[in-house]
Amino acid sequence: MVQLPKVNELGFFEIRLESIGGLGANLAGKMLAEAGVVGAGLNGVSFSSYGSEKKGSAVKAHIRFCDMDTHIRDTSPVERPHVVGVFHEALAKTVNVTGGIHEHSTVLVNSAKTPEELKELLKMKAGTIAVIDATSIALKEKNRVNMAMLGALFRLCPFLDTDIMKGVIEKSLGKKYPQAVQSAITTFDRGFNEVKFMHFELAAGDSMPVYVRSDISALGYETQPIGGTITNPGGSFLKNLSISRSGMLPVYENESCINCAQCDTVCPDQCFVWEERLDRKGRSQMFLLGIDYQYCKGCLKCIGACPTSALSSTREKEGYADSHTVKHKFDLVAQV
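Residues numbered from 1 in each chain as written. Predicted model: local features only at pLDDT ≥ 70, side-chain atom pairs only at ≥ 80, totals over all residues. Heavy atoms only, no water.

Asks: Report on the overall build of the protein chain, specifying residues and quantitative values.
Replies: Within the protein chain one finds nine helices and eleven strands. Seen along its three principal axes, the alpha-carbon backbone of the protein chain occupies a region of about 80 × 60 × 35 Å. Looking at the protein chain as a whole, 42% of its 336 residues qualify as buried. For the protein chain, the computed accessible surface area is about 18300 Å², with 52% contributed by carbon and sulfur atoms. The average position of the 37 basic charges and that of the 37 acidic charges among the side chains of the protein chain differ by 5 Å. (Helix = DSSP H or I, 4+ residues; strand = E, 2+ residues; numbered from the N terminus. Buried < 20%, exposed > 50% of the residue type's maximum accessible area, 1.4 Å probe, protein only. Areas by Shrake-Rupley, 256 points an atom, 1.4 Å probe, with all protein chains shown as cover. Lys, Arg positive; Asp, Glu negative; His and termini not counted. Charge placed at Lys NZ, Arg CZ, Asp CG, Glu CD.)

Asks: Mind laying out unusual backbone geometry, listing which residues take part and the relevant values?
Replies: Even without glycine at this site, N259 takes up a positive phi of about 55°. Residue position: N259 is located in the loop between β8 (248-252) and α7 (262-266). At L300, a position not held by glycine, the phi torsion is positive, near 65°. By the secondary structure assignment, L300 is in the loop between β10 (284-291) and α8 (301-305).

Asks: Quick rundown of the nonpolar core? Include the residues and the values.
Replies: One finds I15, F65, L108, M165 and I169 to be the most contacted residues of the largest nonpolar core, which totals 63 residues. If one sorts the elements of this core by residue count, helix α4 (residues 145-156) sits on top with nine residues. Formed by 17 residues, the second largest nonpolar core is a distinct cluster that contains L249, Y295, C296 and A310. (Core = buried A, V, L, I, M, F, W, Y, C linked by side-chain atoms within 4.5 Å.)

Asks: A description of the sheet that holds strand β2 (residues 43-50) should follow, citing residues and the corresponding values.
Replies: What holds strands together in a sheet is hydrogen bonding between their backbones, with the strands either parallel or antiparallel. The strand order across the open sheet built from seven strands is β2-β3-β1-β4-β5-β6-β7, with neighbouring strands paired in mixed fashion. Looking at strand neighbours, the two that pair on one side only are β2 and β7 (196-200), the edges of this open sheet. Averaged over neighbouring strand pairs, the angle between their axes works out to 15° when direction is ignored. With five bridges connecting them, strand β6 (residues 127-132) and β7 associate as antiparallel partners. Among the inter-strand pairings, A130 is bridged to a residue of β7, identified as F197. Contacts from α4 reach β1 (13-20), β4 (83-86), β5 (106-110), β6 and β7, with the element oriented near 155° to β5. (Pairing = 2+ DSSP bridges. Axes fitted to C-alpha atoms, helices over the stretch in contact; angles between N-to-C directions. Contact = heavy atoms within 4.5 Å.)

Asks: Describe in detail the environment of L156, supporting the description with residues and values.
Replies: You can see L156 is positioned in helix α4. Between the C-alpha atom of L156 and that of T106, which follows or precedes it by 50 residues, the distance is 8.0 Å. Residues within four places of L156 in sequence aside, it is in contact with T106, L108, A130 and F197.

Asks: An account of the pattern of salt bridges is requested, with residue identities and associated values reported.
Replies: Throughout the structure, instances matching the rule amount to 17 salt bridges. A salt bridge links E18 to R16, with the shortest nitrogen-to-oxygen separation between them at 2.8 Å. Judged by its relative accessible area of 2%, E18 falls in the buried class. Salt-bridge contacts for K297 lead to D269; the nearest nitrogen and oxygen are separated by 3.5 Å. (Salt bridge = Lys/Arg side-chain N within 4 Å of Asp/Glu carboxyl O.)

Asks: Tell me about the packing of aromatic side chains, residues and numbers included.
Replies: Counted under the stated rule, the structure contains four aromatic pairs. Where F154 meets F188, the ring centres are 5.4 Å apart and the plane angle is 75°; that geometry is what we call edge-to-face. Here F154, found in helix α4, pairs with F188, found in helix α6 (residues 181-194); they are 34 residues apart in sequence, far enough to count as distant. With relative accessibility at 1%, the residue F154 sits in the buried group. (Phe/Tyr/Trp six-rings, centres within 6.5 Å; stacked < 30°, edge-to-face > 60°.)

In structure tokens, the structure reads:
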């Protein structure tokens, strides 16, 4: 039996995966736990928490390991993780992905940024930041982000056996998707070999953020909205779906557009911005101005529907959406 590097007061080594639906964090958590139980002789458990089961919604996977003499009777969310895996760096815009970490915790991020840049983005005071460009690896190997992230997680958890994990991959995918097994193993190996990490010490006189349990509401009798008003309802124009994009986004080329509106017909989130004006014959017609990327979750359905080359897909780069977005004009709505 292997020795766990760290454990909490209950004897658990805990991992939390922060992701969005469609990137495979739930499956990754199950496979990670299976590899620990089967290959390392540990007690282990994996479970996930998420809202609506759809691509782009926030997902958390929770994994606990302990030695065989310790019983797992706790299925509460992992609040004080030793390792955090962030499958989508844009989650940091709306989710406290590093919540509850210790100064010796490790945070693995799917990103092309440097550890120093991520330290600022995540507002981390101390800890180890590991970086793997899992999206690029997955696109190159024609596989999924979760396999690259699993490879990197195994590098950060040396008590886990990579050979056992490859057996778990073959067992999990072999029956339904035998053609994907080899690319999944290649993606896993690249994640293991290409992850880079850097440790940041806590500054002298500084301290880690105060831990606040997630089940304690920030709203109380003094702080809740008057009359229980919901200031940001589910269908609100204030919503930002940009965190749902998993690496790709549509690009609009005005010169090739025939304003047929096929893209708008298939778009589930009304991303396309139109303007009514006269055409060359003096007739009133709707003209496409561009895409409001605030509401675009990168489903790319519009590209398949476009009959011309006006829409194409590209790997999203930092700042592209902000600099190329065309904002909707909601004349009858006021910012809250």
